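The chain contents come next:
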Amino acid sequence: MIPYSVNIKLAARTLTGTLNLQNKTAVDWGWQGLIAQGCHSSILIIDPKTSQTIQVLERHKANVVKVKWSRENYHHSLSSPYSLRLASADSAGKIIVWDVVSGTAHCEIQEHSKPIQDMDWLWTQDASRDLLLAIHPPNYIVLWNGDTGTKLWKKSYAENILSFSFDPFDPSNLALLTSEGIVFISDFSHSKPPGSGGKKVYIASPHASPAHTKPVPAALPAPTGAKKALNKVKVLITNEKPTAEAVTLNADCLQLSYLPSKRNHMLLLYPREILILDLELSQTVGVVAIERSGVPFIQVIPCAQRDALFCLHENGCITLRVCRSTTAPDESVAASDPEQSVQELVYDLRSQCDAIRVTKTVRPYRMVICPVNENNAALAVSDGRVMLWELKAHVSKPTVNPSSGLSPLYAPVAFCGSPLGQNQKKIQDLSLNTMIGQSLVSGADPPPPSLQQEVQLKFLLTGLLSGLPLPPFALRMCPPLTTKNINHYQPLLAVGTSNGSVLVYNLTSGLLHKDLSVHSCEVKGIEWVSLTSFLSFATSTPNNAGLVRNELQHVDLPTGRCFAFRGEQGNDEPAIEMMKVSHLKQYLVVVFRDKPLELWDVRTGTLLREMAKNFPTVTALEWSPSHNLKSLKKKQLLAREAMARYTTLSDTEQSSVESSVISLLQDAESKSEGGGQAISAREHFVFTDTDGQVYHITVEGNTVKDGARIPPDGSMGSIACIAWKGDTLVLGDVDGNLNFWDLKARLSRGIPTHRGWVKKIRFAPGKGNQKLLVMYTDGAEVWDTKEVNMVSSLRIGRNVNYRILDIDWCTSDKVVLASEDGCIRVLEMAMKSASYRMDEQDLTDPVWCPYLLLPRAALTLKAFLLLQPWSGTFTMDITQVDYTEKHEIKGLIQEQLNSMSNDMKSVLLDPELNLLQRCLLVSRLFGDESDLQFWTVAAHYLQSFAQARHLSVPVPEGQTPAEGTQATPQGHLDIYHDTLCESFYFQRFQLERVHLQEVKRSSYEHTKKCADQLLLLGQTDRAVQLLLETSADNPSYYCDSLKACLVTTITSSGPSQSTIKLVATNMIANGKLAEGVQLLCLIDKAADACRYLQTYGEWNRAAWLAKVRLNPAESSDVLKRWAEHLCSPQVNQKSKAILVLLSLGCFHKVGEMLQSMRYFDRAALFIEACLKYGVMEANDSTNKLIGAAFVDYARLLRTLGLRESAAFWASRAGGAGEQLLEELFQGEGAVPEETEGLENTE
């Protein structure tokens, strides 16, 4: 048998149940890899990989309405470590920022007392990582410092604000969804509130059919159907309030979000469609509509890595829709009809998961997806379930004629940003962008088909957490731990539920051990008869005569066998009030409402006695802990010895043996035939009748004797419950009085608690432990019966906001309470509901979450995974590395390493995995947003510059390699990197976007914007066509016609150029920036145009223009100026500047900046990668930087305790590292004894 270690110390914990309606939106999946979910006033922290609850945070008094993990997009170091920070807001307007590992609150924030509508952390992390924006109803947005709880600013708006969305590409843009429309704020900053009231936008459909002309009241859902969907495609976004006949669509807008996959796009969600808007044009460019029989949407989450949408429907089904590639699969079609190729953005349904059974109480609430990998989704259901779905890619055989009409999806050729090695291991389903390749853009060459693998996506249910059912509950803890059962004891709690099932929880892990369907109606009580079996009873609802069906079942846990304990009887009789099992688990008393009690033998399942009709009505009953088992066993032993003697005596002596002994022996033998355990010991119980008289009854075998009666105590009312332990007997009455009897000293003491009806009293287990748990209608108390004083108290309205339904002790110092909010809490005796420390938890499955380690240990783990070149081989065992640290910390790090999936381990141990891939993989593992972004861009450009160099194309620093060198399997950066992408790809994307806008335009305003864009992109012929479309009655007809003439006649003669340039500069000087820039672009002076844009603070616009119009050298100048601007103290976006410089190939500058920002680990690894790829050479100019970076990294490793790796980096740093090497080896010389000691202990 496996040695079973018993954890006697149970952690305080909360078992949660169904959610409240207000918890609907309170769920979030953080970069840290954990899910937070609000359940009534508690917050659960769930690990999705092992699907277990690893923490429950309790401090809110009201229902939690929002939870948000803080972002991880900053560089992690000892001063800003990996930490689990969570903000939660409740319906009383309180926001708490938590330190999740210790379960304590950083700060509490309160502004108003209404539910918080929405909140989020700011994502521009260079400024500050602690800023939290919240909507305080009805119409305030407030910016808080989430670390100190101070208010930075507050601003009110004219309408009620429902939610907001940050622009993921520009921190100064914020969109608010209000009750009347959308408000766009373009000057958002953390230093001061937005200046203006924002740009108000109303969404309206002016082409409503006559049937829709009546204004629709907001309460009624707007009419839906195919016709309506067609109207909505023509949705205009207007700046003035729509007229009454234009139906305002905002009444049923469920959600607004910016698309993180491409700039300036936004989605609006309605129950039956999703609109994709292009914000530059304020025009719908795509619609995902549901046909009439389809299931409406509840929520949609746009992805960043690919242009895809996760949609949640009302039946709990999650669908994934991926944007269709705009290249027509058949090029001939595109050639014959160019209009056909780009009509609108189409999102194809690529995968869907199973729906759930929706009932009145069970409905899907919210879905969250993993922000790191975007291929896992979790669905929160109202009954407390959390379903974890994983997206899997299956390689499928290419179909000859796809019947579905969908173009196939292909798997990407690279893994972690680099082409795969020959026999390199990879993880197909690592993240969304390793599962499906980039969508192609028209004009870009598709990779050769030989390399491509076609994939299909499927959802797989990989985890399920279920909560408790709806209350009420009946609780009973299994018999206590003793020295005899210590080897096989399990702390099991039986929970009887309202639907008749009994749930058995193991309180060490907090996991469900067994779910047994025992009864057909509500379970009223449970009593254990051994460590592995219990009795439970349930009563149906009474009929007209007041009679019920009683079910009393005996359940054996290991086998799950149930049998009716009272046999066939139980139909149409008075309800069972209670049942009590004697201390030796021999006898059972069943008390009925209007019927005398029954006495049963538990071991044989026989009825010993049914009391006579005139038996008094029982109000409370308890078995005495005293019995004569010991003396009986002694007698039996004596009898056995006598028996042995008796058989050896001679016949003559036999007669002299006393007959009493013989009778005793026979008696004992007959009793011991049942294997010795069937000795019927004598036990007693006491009960009270309606007058308060105490009766004492003795049971032995099948004889029942009536004992002494004690007259009622005048000070007590009707007795409601009794508890007896040792020499103390406690009675509780309906008026809240407790009476303590000391049986030895024959004293009694009455104490009025003034708390009303005493519902239950229970003594704590353990020898000599005289603590008593008392339950009232409004809470509970713990009393010490030795001292007769109260130890702790819990009362509704005072320290909790839920009613207590049932109580029990689970160990000698912990109580378990079932409460009305559907939770069961294991609490210390002080009954303070507190969150626990996560590191004290005893989890069944180890959880991979470096954030749980101490800051130093987490960084050590990261360094350990990143580079182990000093040993030549890779290992997953930290003990094989020279690492000086306390054993328990070493152990914790090793636990983390062990908890990784085998796939991940094999990839990390694979010698083919190159440095860049390793950095990317580790930043994914750690959920480190800033690392991930840096290494994605760095890996791409390091390889593309290295390739250009390899093809011996000399590329001066600061210029992107020419287009010809780019057609490699390397591909291009995804468009969600925006201006960091290669120019040729960025240009094509922008052209395609303008074509789409052109197809979709529906007013003169739109046409004008399209023409402007086309002019900037250099598409003059198309622009002229649009300009000539202006109708004669339009006020700008003359102006546009002249502009068309100008564009067609521009010659490159000197004088005309200088005139136009003069006019342009004058226009810019007089505030017409856009028009001036256009003119400059017409005469190919786009570089000057960029300079003017930058002078006037339009940095993003300048970068855009440089990307689409300038040659590499000029564009590089513009972007370098932008990078300098980003580094300036008032902007302070150095991390963005580094990415811009990476895209220009200024690797030396990047190294210097990383070094100056004290990002030592990133700097050293980046320079190492540059040297490996040959884009930086070790010469006099670079040696200083290389030395400094490597030495600083070595110092960092030394402080982390990784001496061997510190020595490795110091030795590579040349002269700069000599001193550090000396220090390291001096240190080693000084403490050899200590290290030897360490090795021996291991």
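As recorded by an unreviewed UniProt entry, the protein carries the name WD repeat-containing protein 11 and is attributed to Oncorhynchus tshawytscha.

A. Molecular detail of the pairing of strand β8 (residues 94-99). Across five bridges, strand β7 (residues 85-90) lies against β8 in antiparallel orientation. For Arg 85, the partnering residue across the bridge sits in β8 and is Asp 99. Taking the residues that link successive antiparallel strands as the turn, the β7-β8 hairpin has three residues, and the phi of Gly 93 there is positive, at about 85°. Looking at chain direction, β8 and strand β9 (residues 104-110) are connected through six bridges and run antiparallel. Bridge pairing links Val 97 to Cys 107 in β9. Following β8, the chain reverses through four residues before pairing antiparallel with β9; Gly 103 in that reversal takes a positive phi of roughly 75°.

B. Molecular detail of helix α22 (residues 1134-1144). A large share of α22 lies buried, amounting to eight of its 11 residues. For α22, the complete set of buried residues consists of Ala 1137, Ile 1138, Leu 1139, Val 1140, Leu 1141, Leu 1142, Ser 1143 and Leu 1144. Buried residues along α22 sit in contact with α12 (929-950), α21 (1112-1127), α23 (1147-1156) and α24 (1160-1173). One or two steps after α22, the chain reaches Gly 1145, where phi turns positive at roughly 80°.

C. Representation of the side chain of His 977. Summarising the element assignment, His 977 is placed in the loop between α12 and α13 (983-1000). For His 977, a relative accessible area of 7% gives the class buried. Apart from residues lying up to four places away in sequence, His 977 is in contact with Thr 936 and Val 937.

D. Highlighting the sheet that holds strand β26 (residues 318-323). Overall, antiparallel pairing links the four strands, which are arranged β24-β25-β26-β27 in an open sheet. The open sheet is flanked by β24 (297-302) and β27 (347-352), the only strands paired with a single partner. The sheet shows a mean angle of 30° between the axes of neighbouring strands, direction not considered. Sheet analysis places strand β25 (residues 308-313) next to β26, joined by five bridges and oriented antiparallel. Within β26, the position partnered with Leu 309 by the bridge is Arg 321.

E. Representation of the packing of helix α17 (residues 1054-1069) against helix α18 (residues 1073-1082) within the structure. Two numbers describe how α17 lies on α18: the axes approach to 7 Å, and their chain directions differ by 160°. Judged on the interaxial angle alone, α18 and α17 are roughly antiparallel. Every pair of crossing elements has a handedness; the one defined by α17 and α18 is left-handed. Taking contact as the criterion, the partners of Ile 1060, Lys 1061, Val 1063, Ala 1064, Met 1067 and Ile 1068 in α17 are, on α18, Leu 1073, Glu 1075, Gly 1076, Val 1077, Leu 1079 and Leu 1080. Grouping the constituent residues of the contact of α17 with α18 by class yields nine nonpolar, one polar and two charged.

F. The arrangement of the sheet that holds strand β10 (residues 118-121) in detail. Here four strands make up an open sheet; going across it, the order is β10-β11-β12-β13 and the pairing antiparallel. The open sheet terminates on both sides in strands that have one partner only, identified here as β10 and β13 (151-156). The average undirected angle you get between the axes of adjacent strands in this sheet is 15°. With five bridges joining them, strand β12 (residues 140-145) and β13 adopt antiparallel strand pairing. If you follow Val 142 over to β13, its bridge partner there is Lys 154.

G. Seen up close, the nonpolar core. Judged by nonpolar contacts, the single largest core of 171 residues is most densely connected at Ile 45, Leu 86, Leu 865, Leu 908, Leu 1105, Leu 1142 and Phe 1166. No other element matches the 10 residues that α12 contributes to this core. Those residues in contact with Leu 1105 that sit more than four places away from it in its chain are Leu 1016, Val 1077, Cys 1081, Ala 1086, Ala 1089, Cys 1090, Leu 1093 and Leu 1110. Of all hydrophobic cores here, the second largest spans 31 residues; its members include Leu 10, Leu 475, Leu 492 and Phe 534.

H. The pattern of salt bridges, seen in detail. Per the counting criterion, the structure on display carries 53 salt bridges. Salt-bridge contacts for Asp 307 lead to Lys 262; the nearest nitrogen and oxygen are separated by 2.7 Å. Separated by 45 residues along the polypeptide, Asp 307 in the loop between β24 and β25 and Lys 262 in the loop between β20 (255-258) and β21 (265-269) bring together distant segments of the chain. For Asp 307, a relative accessible area of 12% corresponds to the buried category. Looking at Lys 262, the relative accessible area reads 7%, which means it is buried.

I. Broad picture of a positive patch on the surface. A cluster of like positive charges, contributed by Lys 484, Lys 630, Lys 633, Lys 634 and Lys 767, occupies part of the molecular surface. Its location among the elements puts Lys 484 in the loop between β35 (474-477) and β36 (492-496).

J. How the structure looks around the confidence of the model for the protein. Looking at the protein, the pLDDT average stands at 82 and 85% of residues meet or exceed 70. The element-level mean pLDDT for the protein is lowest in helix α28 (residues 1232-1241), coming to 32, with strand β2 (residues 27-29) highest at 96. Note on residues 242-248: pLDDT under 50 across the span, and 18 contacts to partners over four residues away in sequence or across chains. Counting contacts from residues 1229-1242, a segment whose pLDDT is below 50, to residues more than four positions away or on other chains yields six contacts.

K. Representation of α17 within the structure. Here α17 is 16 residues long and its end C-alpha atoms lie 23 Å apart, about the 22 Å a rise of 1.5 Å per residue gives. Among the residues making up α17, those that are buried are Gln 1057, Ile 1060, Ala 1064 and Ile 1068. Looking down the long axis of α17, one finds its buried residues gathered within 75° of arc, a one-sided arrangement. What points out from α17, more than 90 degrees from its buried face, is the exposed set Pro 1055, Leu 1062 and Ala 1069. In this fold, the buried residues of α17 make contact with α16 (1037-1049), α18 and α19 (1086-1095).

L. View of the packing of aromatic side chains. Under the definition given, this model contains 23 aromatic pairs. Ring geometry for Tyr 82 and Phe 926: centres 5.2 Å apart, planes at 50°, overall tilted. Placement of Tyr 82 in the loop between β6 (64-69) and β7 and of Phe 926 in helix α11 (residues 915-926) is noted, with a sequence separation of 844 residues between them. Phe 926 shares its class with Tyr 82; the two are buried. For the pair Trp 848 and Phe 926, a centre-to-centre distance of 5.9 Å together with 85° between the ring planes defines the contact as edge-to-face. Placement of the pair is Trp 848 in the loop between β61 (824-828) and α8 (855-866) and Phe 926 in helix α11, with a sequence separation of 78 residues. Phe 926 shares its class with Trp 848; the two are buried.

M. Expanded view of the environment of Leu 1197. Within the fold, Leu 1197 resides in helix α25 (residues 1180-1200). Looking at Leu 1197, the relative accessible area reads 2%, which means it is buried. For Leu 1197, the contacting residues outside a window of four places in its chain are Ala 863, Leu 1202, Ser 1205, Ala 1206 and Trp 1209.

N. Fine view of the packing of α8 against α25. α25 packs onto α8 with a crossing angle of 125° between their chain directions and a minimal axis gap of 10 Å. It follows that α8 is oblique to α25 by the angle criterion. By crossing handedness, the relation of α8 to α25 is classed as left-handed. Packed against α8, whose contacting residues are Arg 856, Leu 859, Thr 860 and Ala 863, the element α25 presents Tyr 1193, Leu 1197, Thr 1199 and Leu 1200 at the interface.

Cut-offs and rules
- Starting afresh in each chain, residues are numbered from 1 along the sequence in its written order.
- Where totals are concerned, whole chains, interfaces and linings use all residues; where local detail is concerned, this predicted model gives features only for residues with pLDDT of at least 70, and gives and counts side-chain atom pairs only at 80 or more.
- Hydrogens and water are ignored here; the side-chain numbers use all heavy atoms of the structure.
- DSSP bridges decide pairing: two strands pair if at least two such bridges lie between them.
- Each helix is a run of H or I in the DSSP string that is no shorter than four residues. Each strand is a run of E no shorter than two, and both are numbered from the N terminus.
- Residue burial is assigned from relative accessible area. The probe radius is 1.4 Å, only protein chains are included, and a residue is buried under 20% of its type maximum, exposed over 50%, and partly exposed in between.
- Should any heavy atoms of two residues lie within 4.5 Å, those residues are counted as being in contact.
- Axis definition: a line fitted to C-alpha atoms, over the contacting stretch in the case of helices. Angles run 0 to 180 degrees between N-to-C directions.
- Roughly parallel means an angle under 35 degrees; roughly antiparallel, over 145; roughly perpendicular, 65 to 115; everything else is oblique.
- Helix crossings are classified by the rotation of the near helix relative to the far one: an anticlockwise turn of less than a right angle makes the crossing left-handed, while a clockwise turn makes it right-handed.
- Residues are sorted three ways: Asp, Glu, Lys and Arg are charged, Ala, Val, Leu, Ile, Met, Phe, Trp, Tyr, Cys and Pro are nonpolar, and all the rest, Gly among them, are polar.
- The criterion is simple. A nonpolar core is a set of buried Ala, Val, Leu, Ile, Met, Phe, Trp, Tyr and Cys residues joined through side-chain atoms within 4.5 Å.
- The salt bridge criterion pairs a side-chain nitrogen of Lys or Arg with a carboxyl oxygen of Asp or Glu, the two atoms within 4 Å.
- Exposure above 30% relative accessible area and the lack of any salt bridge qualify a residue for a patch; like charges then connect within 9 Å, and the nonpolar side chains Val, Leu, Ile, Met, Phe, Trp and Tyr within 5 Å.
- The accessible surface values rely on the Shrake-Rupley method and a 1.4 Å probe; as for residues, cover is taken only from the protein chains in view.
- Note on charges: Lys and Arg go in the positive column, Asp and Glu in the negative column, and His and the chain ends are not counted at all.
- Charge coordinates come from a single atom per side chain, which is NZ of Lys, CZ of Arg, CG of Asp or CD of Glu.
- How sure the predictor is of each residue is captured by pLDDT, a score from 0 to 100.
- Any helix carries an expected span of 1.5 Å times its number of residues minus one.
- Each direction from the helix axis to a C-beta atom contributes to the arc, which is the arc of those directions.
- Centre distance within 6.5 Å is the pairing criterion for rings of Phe, Tyr and Trp, where only the six-membered ring of Trp is used; planes under 30 degrees apart are then read as stacked, over 60 as edge-to-face, and the remainder as tilted.

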